[in-house]
Amino acid sequence: MSNSPRVPGNSVDSLVQHATDSQVCLITLNRPEALNALTPDQRDRIIELLAGASADPDVRAVVLTGTGRGFCAGADLRGTPAGTERVPGDVARTIRLGAQRLIAAVLDCEKPVIAAVNGTAAGIGAHLAFACDLVLAAESARFIEVFVRRGLVPDGGGAYLLPRLVGTHRAKELMFFGDALTAADAERLGLVNRVVPDAELDKTARAWAERLAAGPTRALALTKQLVNASLESDRATAFAAEAAAQEINMTTRDAQEGVTSFAERRSAAFKGR
């Protein structure tokens with residue numbers, strides 16, 4: 001929740017770096033002196049890159065990480081002038097078009113997104129990680145629901161994401177107290193898939209992403225949609241969505257390759273088509 005300033009002297013491409021290699025898009029937050037706290041320009045650039053990854057057939061997996069000691073320390077609040085007069089509706093509009101749009105971009109990305117959490121993930125930074133499909137954390141990573149420390153309500157989808165990941169009581173504990181959660185504790189609660197030594201984070205994220213990039217991309221996209229929608233669906237709706245997804249998926253070349261390779265007793269060679 002911020003009207004934070006642009007960062008002078010840096011282009012958004014230097015603050016949000018990206019590169020695609022072996023069909024993996026690596027998005028790196030690169031503002032280490034601020035623990036990768038997000039400005040509006042950075043946030044909008046991440047949204048743009050995720051939309052581009054969805055549309056690009058040559059991108060089949062995404063890794064999101066940061067440089068330095070922070071994955072993302074949240075929104076950059078430092079530029080909001082004290083006593084700024086707000087018109088009713090300003091705050092809700094800022095959140096809707098900012099933090100919520102960022103989290104939705106991750107959830108709606110048609111390629112699997114891996115968070116490689118290299119350090120502190122606080123506020124919207126924690127929610128950015130939790131919205132990803134898979135979460136890898138370095139041993140030094142910390143997750144903090146920092147909003148309560150600032151007298152704020154969690155935004156950026158926190159009250160939506162956390163209960164679905166850890167249950168309502170755990171979610172309230174994290175959001176009510178705002179205590180730092182170690183990587184090991186985050187893994188124990190189910191917020192993190194795996195904790196690895198700091199020196200192995202990049203290598204592990206790359207290995208996971210390359211496995212995903214070699215998979216049936218459209219089937220993964222449809223699976224992601226089904227799982228993300230499952231907690232809001234009754235059984236009849238979920239079953240109907242599953243059948244429709246499989247109907248769509250069976251028109252893909254990868255599905256045909258999967259069935260053919262099974263019949264021919266060989267490994268499938270998926271092309272993401």
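These numbers come from a predicted model, not from an experiment. (Residues numbered from 1 in each chain as written. Predicted model: local features only at pLDDT ≥ 70, side-chain atom pairs only at ≥ 80, totals over all residues. Heavy atoms only, no water.)

Participant: Would you mind going over unusual backbone geometry with me for this structure?
Facilitator: The backbone of S22 shows a phi angle near 55°, a positive value even though the residue is not glycine. Mapped onto the elements of the fold, S22 is located in the loop between β1 (16–21) and β2 (24–29). Backbone geometry at L35 places phi at a positive 50°, although glycine is not the residue there. L35 sits in the partly exposed class, given a relative accessible area of 22%. (Helix = DSSP H or I, 4+ residues; strand = E, 2+ residues; numbered from the N terminus. Buried < 20%, exposed > 50% of the residue type's maximum accessible area, 1.4 Å probe, protein only.)

Participant: Would you mind going over the packing of helix α4 (residues 99–108) against helix α5 (residues 124–131) with me for this structure?
Facilitator: Think of two packed helices as two axes; the pair is described by the angle between the axes and how far apart they sit. Interhelical geometry of α4 versus α5 gives an angle of 20° and a closest axis separation of 9 Å. By the angle between their directions, the pair α4 and α5 is classed as roughly parallel. You can see that α4 and α5 cross each other, and the crossing is right-handed. Of the residues in α5, those touching α4 at A99, L102, I103, V106 and L107 are I124, H127, L128 and A131. Looking at side-chain class alone, the contact of α4 with α5 contains eight nonpolar, one polar and no charged residues. (Axes fitted to C-alpha atoms, helices over the stretch in contact; angles between N-to-C directions. Parallel < 35°, antiparallel > 145°, perpendicular 65-115°, else oblique. Left-handed = near helix turned anticlockwise from the far one by under 90°. Contact = heavy atoms within 4.5 Å. Nonpolar A, V, L, I, M, F, W, Y, C, P; charged D, E, K, R; others polar.)

Participant: Would you explain the pairing of strand β5 (residues 113–117) in this entry?
Facilitator: Sheet faces and side chains relate simply in a regular strand, where the side chains alternate between the two faces. Of all five residues making up β5, five are buried, and the element is well covered by its neighbours. In this sheet, strand β7 (residues 134–138) lies alongside β5 in parallel orientation, the contact comprising four bridges. Opposite I114, over in β7, you have L134 as the bridge partner. (Pairing = 2+ DSSP bridges.)

Participant: Any chance you could explain the pattern of salt bridges here in plain terms?
Facilitator: Two side chains with opposite charge may pair up if their charged atoms get near one another. Taken as a whole, this structure holds 14 salt bridges when the rule is applied. Of the charged contacts, one joins R43 and D44 as a salt bridge, the two residues approaching to 3.2 Å between their closest N and O atoms. Judged by its relative accessible area of 16%, R43 falls in the buried class. On the basis of relative accessible area, D44 is assigned to the partly exposed category, the value being 29%. (Salt bridge = Lys/Arg side-chain N within 4 Å of Asp/Glu carboxyl O.)

Participant: Could you clarify how one ought to interpret the sheet that holds strand β10 (residues 194–196) in this entry?
Facilitator: Each strand in a sheet pairs with another by means of backbone hydrogen bonds, the pair being arranged parallel or else antiparallel. If you walk across this open sheet you meet the six strands as β1-β2-β3-β5-β7-β10, and the pairing is mixed. In this open sheet, the two edge strands, each paired with only one partner strand, are β1 and β10. Here the average twist between neighbouring strands, direction ignored, is 20°. The pairing of β7 with β10 spans three bridges and is parallel. Paired with A137 across the strands is V195, a residue of β10. Across the sheet, helix α2 (residues 40–55) is in contact with β1, β2, β3 (61–66) and β5; its angle to β1 comes to roughly 15°.

Participant: So what exactly am I meant to see when it comes to the packing of aromatic side chains here?
Facilitator: Two aromatic rings are characterised by how far apart their centres lie and by the angle between their planes. By the definition in use, this model includes one aromatic pair. Above the ring of Y160, the side-chain terminus of R164 is found at 3.9 Å from the ring centroid. (Phe/Tyr/Trp six-rings, centres within 6.5 Å; stacked < 30°, edge-to-face > 60°. Lys NZ or Arg CZ within 6 Å of the ring centre and 35° of its normal.)

Participant: Honestly, helix α12 (residues 253–263) in this entry has me stumped. Any pointers?
Facilitator: Two residues of an α-helix separated by three or four positions point the same way, owing to the 3.6 residues in each turn. Within the span of α12, buried status applies to D254, A255, E257 and S261. With its buried residues spanning 160° around the axis, α12 presents them on a single face. Those residues of α12 that are exposed and angled more than 90 degrees off the buried face are V259 and A263. At its buried positions, α12 is contacted by α10 (217–230) and α11 (235–249). Looking at the residues trailing α12, positive phi occurs at R265, about 55°. (Arc of directions from axis to C-beta.)

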